Amino acid sequence: MTGGLKEEETTEVYLHAPFIRKQGNIYKPNNKNMDDDSFNEKTMQDVHTKEIDLVNRDPKHLNDDVVKVDFEDVIAEPPGTYSFDGVWKASFTTFTVTKYWFYRLLTALVGIPLALVWGLFFAILSFLHIWAVVPCLKSYMIEIHCVSRVYSICIHTFCDPFFEAMGRCFSSIRVRLTKEGCGNDLSHTV
């Protein structure tokens, strides 16, 4: 018996109760039913089911200085060379409406196919990085470490004694420079 319930009641509760994960619904990670406050929410949030922000569509400010082009950024009349007010207003409206609706039309026609292309591209890039590049680099680092140890042993075994002997041979050589007379001749004494 658990919690003062009879055995029949316990069995009935488990037979008819739907399975609810303590971490929440896997398809709606923000719908959590948890008692443990120490649980990290980011570990359960799935990138495929996260909610998107329809108001702020550039939260990382990728296009702040690139595509923010308004009418005043493209067309400007300096003082003294003004067109008719009606022409200026019509030009402003035409530019703004054309830019707005043509962008929407292009995104409707080409946005989803390009999203598919970029999704495939970054999926392939991620796959290659995770399954090919990083293992190859790790393997290379392991192998080069082994080669570097063998190379280091060979250098210390064969080259160190040779260069040490050559250093001792040439360590007794003394060079003395003297300036004789008025000329610029230097004599070397070895």
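This report concerns the structure included in the present document. Bear in mind the structure is a predicted one, so any value in this text is a computation, not a measurement.

## Observations regarding the overall build of the protein chain
Looking only at helices and strands, the protein chain features 4 helices and 2 strands. Listing the helices and strands of the protein chain from first to last along the sequence gives α-α-α-α-β-β. Long-range pairs, those at least 24 residues apart, make up 10% of the contacts in the protein chain with a sequence separation of at least 6. Just so you have it, the protein chain exposes about 18100 Å², and 65% of that area is on carbon and sulfur atoms.

## Section: the pattern of salt bridges
Oppositely charged side chains can pair when the atoms bearing their charge come close. In this structure the tally under the stated criterion is 1 salt bridge. Close ionic contact of Arg 168 with Glu 164 constitutes a salt bridge, the shortest N to O distance being 3.3 Å. Taken together, the residues span about one helical turn, with Arg 168 and Glu 164 both in helix H4 (residues 85-170) at a distance of 4 residues. In this structure Arg 168 comes out as exposed when scored by relative accessible area, which is 61%. Of the residues examined, Glu 164 reaches a relative accessible area of 47% and is grouped as partly exposed.

## A closer look at H4
The end-to-end C-alpha distance of H4, which contains 86 residues, comes to just 93 Å, noticeably less than the 128 Å that a straight helix rising 1.5 Å per residue would cover. At Val 110, H4 shows its largest kink, close to 50 degrees, and the proline Pro 113 lies no more than four residues downstream.

## Quick notes on the packing of aromatic side chains
Per the counting criterion, the structure on display carries 8 aromatic pairs. Ring plane angle 85 degrees and centroid distance 5.4 Å describe the contact between Phe 71 and Phe 92, whose orientation is recorded as edge-to-face. Of the two residues, Phe 71 sits in helix H3 (residues 71-74) while Phe 92 sits in helix H4, which places them 21 residues apart along the sequence. What makes Phe 71 buried here is its relative accessible area of 2%.

## Observations concerning a nonpolar patch on the surface
Where nonpolar side chains cluster on the molecular surface, the patch consists of Phe 102, Leu 105, Leu 106, Leu 109, Val 110, Leu 114, Val 117, Trp 118, Phe 121, Phe 122 and Leu 125 and spans about 1100 Å² of accessible area. With respect to the element layout, Leu 125 can be found in helix H4.

The rules behind these values
Residues numbered from 1 in each chain as written. Predicted model: local features only at pLDDT ≥ 70, side-chain atom pairs only at ≥ 80, totals over all residues. Heavy atoms only, no water. Helix = DSSP H or I, 4+ residues; strand = E, 2+ residues; numbered from the N terminus. Contact = heavy atoms within 4.5 Å. Areas by Shrake-Rupley, 256 points an atom, 1.4 Å probe, with all protein chains shown as cover. Salt bridge = Lys/Arg side-chain N within 4 Å of Asp/Glu carboxyl O. Buried < 20%, exposed > 50% of the residue type's maximum accessible area, 1.4 Å probe, protein only. Expected span 1.5 Å × (residues − 1). Bend = angle between axes of the 7 residues up to and from the residue. Phe/Tyr/Trp six-rings, centres within 6.5 Å; stacked < 30°, edge-to-face > 60°. Patch = residues over 30% accessible without salt bridge, like charges linked within 9 Å, V, L, I, M, F, W, Y side chains within 5 Å.

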